[in-house]
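Working through the structure, step by step
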Amino acid sequence: MVELDLRRLRFLREFEERGTLGAVAEALGYSPSAVSQQLTLLEKEAGTPLFAKAGRGVRLTDAGRLLARHASILLGAAEAARADLAALAEEVRGSVRAGGVQSAARRLLVPAVAATTAAHPRVRLEISELELEQALPGLRLGSVDLVISDEYDGHPRPRPPGLRFDPLLSEQLKLVLPADHRLAAPGGPGPGGAGPGGAVAGGAVAGGAVPVAALRDAVWATSEETTGHHAMLVGTCRSLGGFEPDIRHRSGDADVQLELVRLTGAVALLPAMTLPVDDPALAVRDVAETRLGRRLFLVTRDGPRSPALTAFVDAVVAASRRL
């Protein structure tokens, strides 16, 4: 009779998801040698080779892939059992590990932590700044419980199986210019005066909207290249302006991007949630060509939620409604 250790099955599932012993070690907080030792013991328990040499590393054998699929089912059942048992307790307790893009972490996750802690002091809450692509392995494997992800118009996110995507809110994207920028004055004429349809040749559209095409020569601030925000900005400049943006500044922190606009004359395209209510150094303008938007989603694993996670989800939804 084969007896398999559930903890070692988690190591196997992590390896299937992450692909290297080093990545598994980093994710779980072990040394690579400790991970290797645990997987060797699992291989002995299984009674068949689970790994084969592949260059300098290892890969799963057919038996390894088969057992990893069963490990996913068993670990999911164990998580469901823990959630059902927790639901029987009179007091909400447990832990929730959440992540999200920077603006969502500040405006949604932090208020949700405060509200949940006040209502359920026995719940341990941890938050991190994460993009969905960074969080996907942890979400699938259970080391992350909830992520707030964003999705920009024209740049849909993948919807991997086994995950649940609940919409939270939608918001408009705004062009952010220095207050003294030539296009910043609402309806202010650029060189050549007004053009057809209220447009200003080389300048702002009457009413304050600014054409992306008029920012061809601008220096741009945006997020890192691997983010949805960066892809959105590049795609917007190409599709609406017909040019490649001159991106010189990259930061995942919207406050850094805004400071670059204030002090260096850069321009940015940011979600409304990230913008100050009133800042005399900034000119916030609509995009003239079309309405650009961003949607925020609350992403969790399929299956029953623990009482702690349910309480935290409710607090996140309440925070989004207040916005």
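Shown above is the structure to which this text applies.
Read on for a plain summary of the structure. Just so we're clear, the structure is a prediction, and the values are computed from it rather than from any experiment.

This part covers the overall build of the protein. Looking only at helices and strands, the protein has nine helices and eleven strands in total. Within the protein, buried positions represent 45% of all 323 residues. Where the 37 positive side-chain charges of the protein centre and where its 38 negative ones centre are 3 Å apart.

Attention shifts here to the environment of Val123. Counting through the fold element by element, Val123 comes out in strand S4 (residues 123–129). Setting aside chain neighbours within four positions, we find Val123 in contact with Val92, Arg93, Gly94, Val96 and Ala308.

Turning next to the side chain of Arg13. Within the secondary structure, Arg13 sits in helix H1 (residues 6–18). Take Arg13: its relative accessible area is 12%, and that puts it in the buried class.

Here the focus is the packing of aromatic side chains. For the coordinates displayed, the defined rule picks out one aromatic pair. Aromatic pair Phe15 and Phe51: ring centres 5.3 Å apart, planes at 85°, arrangement edge-to-face. Residue Phe15 is located in helix H1, and its partner Phe51 is located in strand S1 (residues 51–54); the two are separated by 36 residues in the primary sequence. In this structure, Phe15 and Phe51 share a single accessibility class: buried. Above the plane of the ring of Phe165 lies Arg159, whose end atom (NZ or CZ) is 4.8 Å from the centre. In this structure, Arg159 is placed above the aromatic ring of Phe297, and the distance from its NZ or CZ to the ring centre is 4.7 Å.

Thresholds applied
- Residues numbered from 1 in each chain as written.
- Predicted model: local features only at pLDDT ≥ 70, side-chain atom pairs only at ≥ 80, totals over all residues.
- Heavy atoms only, no water.
- Helix = DSSP H or I, 4+ residues; strand = E, 2+ residues; numbered from the N terminus.
- Buried < 20%, exposed > 50% of the residue type's maximum accessible area, 1.4 Å probe, protein only.
- Lys, Arg positive; Asp, Glu negative; His and termini not counted.
- Charge placed at Lys NZ, Arg CZ, Asp CG, Glu CD.
- Contact = heavy atoms within 4.5 Å.
- Phe/Tyr/Trp six-rings, centres within 6.5 Å; stacked < 30°, edge-to-face > 60°.
- Lys NZ or Arg CZ within 6 Å of the ring centre and 35° of its normal.

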